Amino acid sequence: MREKELYDILHNFNGFHPSQLYTELIVIDGQESSFTEEEQREFIVAYILYQQGALTKENYQKSLLNVDKTKTKLDALIKKIKGILPDWIDLRGQNATPSENNLKLYLSVDNSDLHYFATRLISKSLDKDYNDIDFKINNDQTMNRRDNVVIYCNEKNFGKYISVVEEVLSETPDLKLNAPHLLATPYSKHIYVGIDPNDGKTSYTEQLSNALFQGLRNGKSEEFLVQTIQEKQKKNEPEVRELAKLTSQQK
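Conventions and cut-offs
Residues numbered from 1 in each chain as written. Predicted model: local features only at pLDDT ≥ 70, side-chain atom pairs only at ≥ 80, totals over all residues. Heavy atoms only, no water. Salt bridge = Lys/Arg side-chain N within 4 Å of Asp/Glu carboxyl O. Helix = DSSP H or I, 4+ residues; strand = E, 2+ residues; numbered from the N terminus. Axes fitted to C-alpha atoms, helices over the stretch in contact; angles between N-to-C directions. Parallel < 35°, antiparallel > 145°, perpendicular 65-115°, else oblique. Left-handed = near helix turned anticlockwise from the far one by under 90°. Contact = heavy atoms within 4.5 Å. Core = buried A, V, L, I, M, F, W, Y, C linked by side-chain atoms within 4.5 Å. Buried < 20%, exposed > 50% of the residue type's maximum accessible area, 1.4 Å probe, protein only.

Once that is clear, we can look at the pattern of salt bridges. Applying the stated criterion across every chain yields a total of 16 salt bridges. The salt bridge involving Asp134 is made with Arg92; its shortest N-O contact spans 3.3 Å. On the criterion of sequence distance, the pair formed by Asp134 in strand β3 (residues 134–138) and Arg92 in strand β1 (residues 88–92) is long-range, its members being 42 residues apart. Salt bridges here are not isolated pairs; linked through shared partners, they connect Lys124, Lys128, Glu167 and Glu171.

With that out of the way, let us pick up the packing of helix α8 (residues 204–217) against helix α9 (residues 222–246). Relative orientation of the contacting elements α8 and α9 amounts to 150 degrees, with a least axis distance of 10 Å. Relative to α9, α8 is oriented roughly antiparallel. At the point where α8 passes α9, the crossing takes the right-handed sense. Residues Tyr204, Leu208, Leu212, Gly215 and Leu216 of α8 lie in contact with α9, whose contacting residues are Leu225, Ile229 and Lys232.

This paragraph deals with the nonpolar core. Formed by 45 residues in total, the largest nonpolar core has its most connected members in Leu105, Phe117, Phe135, Ile151 and Phe158. If one sorts the elements of this core by residue count, helix α7 (residues 158–171) sits on top with seven residues. If we skip the residues at most four places from it in the chain, Leu105 touches Val149, Val150, Ile151, Cys153, Phe158, Tyr161, Ile162, Val165, Ile191, Tyr192 and Val193. Within the second largest apolar cluster, 20 residues are counted, among which are Phe13, Leu21, Tyr204 and Val226.

Here it is, written out as structure tokens:
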């Protein structure tokens, strides 16, 4: 299924710049849905606490009790934050190490359930005293992305956050999930993995979409390009699974 989707996008691509192909590979065409306001407010509460350096389990639970009373204020903050962060909004624990986080977990959570998933991810991490969480979610509800959730990991905490995500997914069976990332390595039905290149400048998705764009320009067939992506995914999968197994219990 993913292979056919990738083939169709490459076959029908008429753009003239790598960024256009990137968009077609990531944005789910015709899959429009809006954020759920109540759940967005709960996420913004966590985001504000994070900005203040006060995101703890106790503070978050206490602050959630006042969400209804502060609805107008929270909505104004959401609008203000949207003006500053039109595309993505990120949240990072106090012990996160961005410079080490070269691994990514991609989840295609629908916009309608995006903040619900994010707050469960935050709560689960706080419950476990995981203070190195580092993730971002889509902040533009005009589009649904195959990477609506991106969780940044490293070779120490990779398996730990896969386990957290699996727990959240298991506890929220009605969560709406869309078509997954086309270029990343599958770990499970809904969890896909990307490994950033070492140059520190280009993301995993950018690297591969740029390579695909160049391949099309050089006359490579769509079949060849799809096969190349498949081979890369198959090569990465054993390493991804082994690393997840080795790091699932890390603190």
